[in-house]
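Geometric and topological summary
Read off the chains here:
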Number of protein chains: 2
Amino acid sequence: MDPDFSRLDDLLAEEDADGYLVDDTSHNSTQKYLSGFDAHDPFVTLYTPERTVLLVSALEYGRAKKQSRADEVRRSADYDYRELRAEYGPAEAKARVHAAFLADYDVSSVLTPERFPLGPADGLRERDVTVTPEESDRVTEIRATKTEEERRHVRDAQAANEEAMRAAEDLLVAAEVDDGVLVYEGEPLTSERVKEEIEVTLLRHGCGLDDTIVACGADAADPHDQGSGPLRADEAIIVDIFPRSKTTGYHADMTRTFVKGAPSDEIREWFDLTHEALDAALDALEPGVTGEEVHDVVCDIYEAAGHDTLRANPTAETGFIHSTGHGVGLDVHELPRIAPGGEELKPGHVVTVEPGLYDPSVGGVRIEDIVVVTEDGYENLTSYPVKLVV
Amino acid sequence: MDPDFSRLDDLLAEEDADGYLVDDTSHNSTQKYLSGFDAHDPFVTLYTPERTVLLVSALEYGRAKKQSRADEVRRSADYDYRELRAEYGPAEAKARVHAAFLADYDVSSVLTPERFPLGPADGLRERDVTVTPEESDRVTEIRATKTEEERRHVRDAQAANEEAMRAAEDLLVAAEVDDGVLVYEGEPLTSERVKEEIEVTLLRHGCGLDDTIVACGADAADPHDQGSGPLRADEAIIVDIFPRSKTTGYHADMTRTFVKGAPSDEIREWFDLTHEALDAALDALEPGVTGEEVHDVVCDIYEAAGHDTLRANPTAETGFIHSTGHGVGLDVHELPRIAPGGEELKPGHVVTVEPGLYDPSVGGVRIEDIVVVTEDGYENLTSYPVKLVV
């Protein structure tokens, strides 16, 4: 099932543009989504309401014809790139090739992503193509609604994620405590060691990632601190894992908070309150509700219990100091936002719900599930138990 | 030791521009190199002959002050980004902030990388800043010459790489042969299994990578095929590993070719000839020699032995059908090129030398070392033995 590009057609009609043009590698998720193709080097995708066409190097031609979702694939050699480069150098050769390619499809005006490359844009403008970066980020909006197949990809990544969380929890369980510090196989158990186990487990399940958070105590009180050094008993350890499937490119995302030993009463209260906020936010999730409304549910609960939030106090440095969640797909952070200004939820949106509390003098607590919005509510893609003490 | 940016100063003078502007994440190696800063979200680096200044979000401010090589760090909040966004939306707010930031440093004309983002460029142009994408790729040229520290980073990545190659070779050694197929722990030993072992070993040594090549038989005859499925005895298996250090961002790169069992006479001849080509290319490496001249040494040897090359036959599909090597640094492929048109070699260049022969009816053979050009020759950063039969 192809994504529904009718809103992109609408945008092209509104802006009186012939097509939508992307020039990037498939590391750009909009490029990957529109083209359905993976390549490390930049290539060009032209979307028009009639067809999607790729322009690739000879090297990628066979693979693009087989793997991409394009209706047609052209080669730069079809437009004499090599000869033009010998005569004019690479930048002008590329501009001439792109202009000839667009002319072949009667395209004289294009919308592009905001971060379309300047050199190629100037090259087209010099050849009288109208090139307009568009601010609405329409393809990103379209990407928010996941097809059945995309949901399956997220589910698969989440299955690997749960194996990795299990490996992390198992390490904490197996650790002993010596003078307040976790010890495993005779060495202090560090954040780095747990992250390595998580990453190796993900690799064994076909996923990769560059970052993981395993943050203990005061580290965990900064939601952007990835954690380092020995893990300590009786303190909250936040484990936040957001892997990407190496085969599909789709992400998952989940956070759990663990205490090895005996949590303080405060940590325990925070954990229970955060669990309550998670459940309440999930209860509120359904089509037609906005991301902002779901975020408000979480803020209501925290504020009622006397905690600071960014909603009540935009400069708060403790309490609930981030948003409630975000879409997940080819990017680990994408639309919709479960946050102030967050968009109306629709069936097929895949989002995280991740309330949390932070204070350097206490530590940090966060619980995060990943769910898909359905016709009448949501389905939780997370089956990992929520449990504080290990 | 800072890199030598004098050639960037020269370019700015030639083009009569006040500064060089980058707006990207640190996944862009030019951004990472100029800023000395790592961030997942786009930020701005302004280079002028007097100073390097970063413009970052409040979230990154403290880290940027500590970690970057910038002389000054500014925050978008210093230019009222939040208020402007509320009034004008994100694109115009960003344009106003960037224009005010440049004005603060008396910069009214900038050169940018060819692929600078179009929206921000248009925003600056509308505010009378001259924005010119530059084709010479000057920062990439500067990046080719590695400081002592950068060489150390490559060396460290290569040490991890040799551990990974060892793990791969150990699996091949430990495998048994059943009906022509390699078997390990009761299962066919696949390309995927060996790649997993390589990646896990790299992770355990602080490196990551997205791709590895473990290609056997006809797969190996396509230099871009990453290999899949069961590995077979008596056939050449190409193992090409190019990891990236997770801490420094620098790469290494090495290829070995193995045969489990008995290679054909042809594979053995190819291997010996390729080893000879490697040694001859290394002998030719010294400052003042061009990458093209080193490439020619390899072509001479292969052509004298009756093999086709792209030099002799640009449409060759068998024989030596790629270039001899490339620079390695923050990017796994960067300047200089050891290829037709390849640049003059200079002390501090880190390059691969990787001759190879390919034919689907025989398989593929490639041997690749990574070396640094010194004042009077080169130093080989590779210590992994070159040996065909395992």
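Residues numbered from 1 in each chain as written. Chains lettered and ligands numbered in written order. Predicted model: local features only at pLDDT ≥ 70, side-chain atom pairs only at ≥ 80, totals over all residues. Heavy atoms only, no water.

Points about the overall build of chain A
Broken down by element type, chain A carries 11 helices and 21 strands. In terms of its C-alpha atoms, chain A occupies a principal-axis envelope of roughly 70 × 45 × 35 Å. The buried share among the 390 residues of chain A stands at 55%. Of the roughly 16,100 Å² that chain A leaves accessible, carbon and sulfur atoms contribute 44%. Between the centroid of the 37 positive side chains of chain A and the centroid of its 83 negative side chains there is a distance of 8 Å. (Helix = DSSP H or I, 4+ residues; strand = E, 2+ residues; numbered from the N terminus. Buried < 20%, exposed > 50% of the residue type's maximum accessible area, 1.4 Å probe, protein only. Areas by Shrake-Rupley, 256 points an atom, 1.4 Å probe, with all protein chains shown as cover. Lys, Arg positive; Asp, Glu negative; His and termini not counted. Charge placed at Lys NZ, Arg CZ, Asp CG, Glu CD.)

Section: the relation of the copies chain A and chain B
Mapping chain A onto chain B calls for a rotation angle of 180° and an axial translation of 0.0 Å; the resulting RMSD is 0.0 Å. This pairing of chains is accounted for by a two-fold axis. Interface overlap between copies: 100% of the residues of chain A at the interface are likewise at the interface in chain B, consistent with a symmetric, same-surface contact. (Least-squares fit on C-alpha atoms with pLDDT ≥ 70 in both. Contact = heavy atoms within 4.5 Å.)

Quick look at the UniProt feature "domain: Peptidase M24" (unreviewed entry) in chain A
Feature annotation in UniProt places "domain: Peptidase M24" (unreviewed entry) on residues 153-375 of chain A, given in this structure's numbering. Within the segment residues 153-375 of chain A, helix and strand shares are 31% and 25% respectively, and the terminal C-alpha atoms sit 20 Å apart. (UniProt positions renumbered as here; feature names shortened; annotations may be inferred.)

Remarks on the packing of aromatic side chains
Going through the model one piece at a time under the given rule, you end up with 12 aromatic pairs over all chains. Ring geometry for Tyr-302 of chain B versus Phe-320 of chain B: centroids 5.2 Å apart, planes at 45°, classification tilted. On the criterion of sequence distance, the pair formed by Tyr-302 of chain B in helix H11 (residues 291-304) and Phe-320 of chain B in the loop between H11 and strand E15 (325-327) is long-range, its members being 18 residues apart. With respect to burial, Tyr-302 of chain B and Phe-320 of chain B carry one shared label: buried. Among the aromatic side chains, those forming a connected cluster through ring pairs are Phe-5, Tyr-33 and Tyr-47 of chain A. Directly above the ring of Tyr-88 of chain A sits Arg-96 of chain A, whose terminal nitrogen or CZ lies 3.9 Å from the centroid. (Phe/Tyr/Trp six-rings, centres within 6.5 Å; stacked < 30°, edge-to-face > 60°. Lys NZ or Arg CZ within 6 Å of the ring centre and 35° of its normal.)

Notes on the pairing of strand E19 (residues 363-366) of chain A
Residue and element names in this part refer to chain A. Residue alternation in E19 divides its side chains into two sets, Gly-363 and Val-365 and Gly-364 and Arg-366, and both sets are buried. One ladder, built from four bridges, connects strand E18 (residues 356-359) with E19; its direction is antiparallel. By the bridge assignment for E19, Asp-359 is matched with Gly-363. Where E18 folds back onto E19 in an antiparallel hairpin, the turn is made up of three residues. (Pairing = 2+ DSSP bridges.)

Re the domain arrangement of chain A
Residues and elements named next belong to chain A. One can read the domain layout of chain A as domain 1 (6-143) and domain 2 (145-380). Using C-alpha coordinates to define each centre, domain 1 is positioned 37 Å away from domain 2. With both sides pooled, the region where domain 1 packs onto domain 2 buries about 790 Å², and carbon together with sulfur makes up 41% of that total. Between Asp-331 and Arg-143 there is a salt bridge whose closest N-O contact spans 2.9 Å. Our count for the contact surface shared by domain 1 and domain 2 stands at six residue pairs in polar contact (both at pLDDT 80 or more). Sorting the residues of the side of domain 1 that touches domain 2 by element identifies helix H2 (29-35) and helix H7 (138-144) as the ones contributing at least two each. Per-element tally for the side of domain 1 that touches domain 2: the top contributor is H7, with four residues. Here the side of domain 1 that touches domain 2 is built from residues that sort into two nonpolar, two polar and four charged. (Domains from an automatic or database assignment. Buried area = accessible area lost by both parts, 1.4 Å probe. Salt bridge = Lys/Arg side-chain N within 4 Å of Asp/Glu carboxyl O. Polar contact = N/O pair within 3.5 Å; in protein donor to acceptor, adjacent residues only side chain to side chain. Nonpolar A, V, L, I, M, F, W, Y, C, P; charged D, E, K, R; others polar.)

Some thoughts on the UniProt feature "domain: Creatinase N-terminal" (unreviewed entry) in chain A
Sequence positions flagged by UniProt for "domain: Creatinase N-terminal" (unreviewed entry) are, in local numbering, residues 6-84 of chain A. Within residues 6-84 of chain A, the helical portion is 38% and the strand portion 25%, while the C-alpha atoms at the span's ends are 37 Å from each other.

Focus on the sheet that holds strand E8 (residues 181-184) of chain A
Residue and element names in this part refer to chain A. Within the open sheet, the three strands sit side by side as E7-E8-E9. Their pairing is antiparallel. Edge positions in the sheet fall to strand E7 (176-178) and strand E9 (187-188), since each of these pairs with one other strand and no more. Pairing between E7 and E8: three bridges, direction antiparallel. If you follow Asp-178 over to E8, its bridge partner there is Val-181.

A short note on the pattern of salt bridges
As enumerated under the stated definition, the model contains 64 salt bridges over all chains in all. For Glu-60 of chain A, the salt bridge goes to Arg-63 of chain A, with nearest N and O atoms at 2.9 Å. Of this pair, Glu-60 of chain A and Arg-63 of chain A both sit in helix H3 (residues 58-67), separated by three residues, roughly a single helical turn. The exposure class assigned to Glu-60 of chain A is buried, which follows from its relative accessible area of 15%. Of the residues examined, Arg-63 of chain A reaches a relative accessible area of 30% and is grouped as partly exposed. Residues Arg-311 of chain B and Glu-303 of chain B are paired through a salt bridge, measuring 2.9 Å at the closest nitrogen-oxygen approach. A single network of salt bridges, built from pairs that share partners, joins Arg-74, Arg-75, Asp-78 and Asp-104 of chain A.

Examining the interface of chain A and chain B
Taken together, the contacts link 32 residues of chain A with 32 residues of chain B. Taken together, the connections running from chain A to chain B amount to 10 salt bridges. Arg-125 of chain A is paired through a salt bridge with Asp-122 of chain B; the nearest N and O atoms lie 2.7 Å apart. Listed by contribution, the elements that provide at least two residues to the side of chain A that touches chain B are strand E1 (19-24), helix H6 (118-125), strand E6 (130-134) and helix H9 (191-204) of chain A. Per-element accounting of the side of chain A that touches chain B gives the leading share, seven residues, to H9 of chain A.

A word on helix H1 (residues 6-14) of chain A
Residue and element names in this part refer to chain A. Leu-8, Leu-11 and Leu-12 are the residues of H1 that are buried. The buried side chains of H1 occupy one side of the element, clustering within an arc of 100° when seen end-on. Away from its buried face, by an angle of more than 90 degrees, H1 presents the exposed residues Ala-13 and Glu-14. Where the residues of H1 are buried, they touch E1, H2, strand E2 (43-47), strand E5 (109-113), E6 and H7. Among the residues trailing H1, Asp-16 stands out with phi positive, at a value near 55°. (Arc of directions from axis to C-beta.)

A few points about the nonpolar core
Membership of the largest hydrophobic core comes to 44 residues, with the highest contact counts inside it found for Leu-21, Phe-101 and Leu-102 of chain A together with Leu-21, Phe-101 and Leu-102 of chain B. Among residues more than four places away in sequence, those in contact with Phe-101 of chain A are Val-44, Leu-46, Val-53, Leu-54, Leu-55, Arg-74 and Tyr-79 of chain A. (Core = buried A, V, L, I, M, F, W, Y, C linked by side-chain atoms within 4.5 Å.)

Here's the deal with a negative patch on the surface
Taken together, the side chains of Asp-265, Glu-266, Glu-269, Asp-272, Glu-276, Asp-279 and Asp-283 of chain A define an acidic patch exposed on the protein surface. Tracing the chain through its elements places Glu-276 of chain A in helix H10 (residues 265-284). (Patch = residues over 30% accessible without salt bridge, like charges linked within 9 Å, V, L, I, M, F, W, Y side chains within 5 Å.)

A look at the sheet that holds strand E14 (residues 254-259) of chain B
All names here are of chain B. The strand order across the open sheet formed by three strands is E11-E12-E14, and the pairing between neighbours is antiparallel. Each edge of the open sheet carries a strand with a single partner, namely strand E11 (212-216) and E14. Within this sheet the neighbouring strands show an average axis-to-axis angle of 10°, counted without direction. In terms of strand pairing, strand E12 (residues 236-241) meets E14 through six bridges, oriented antiparallel. Looking at E14, one finds that Val-239 is bridged to Arg-256. (Axes fitted to C-alpha atoms, helices over the stretch in contact; angles between N-to-C directions.)

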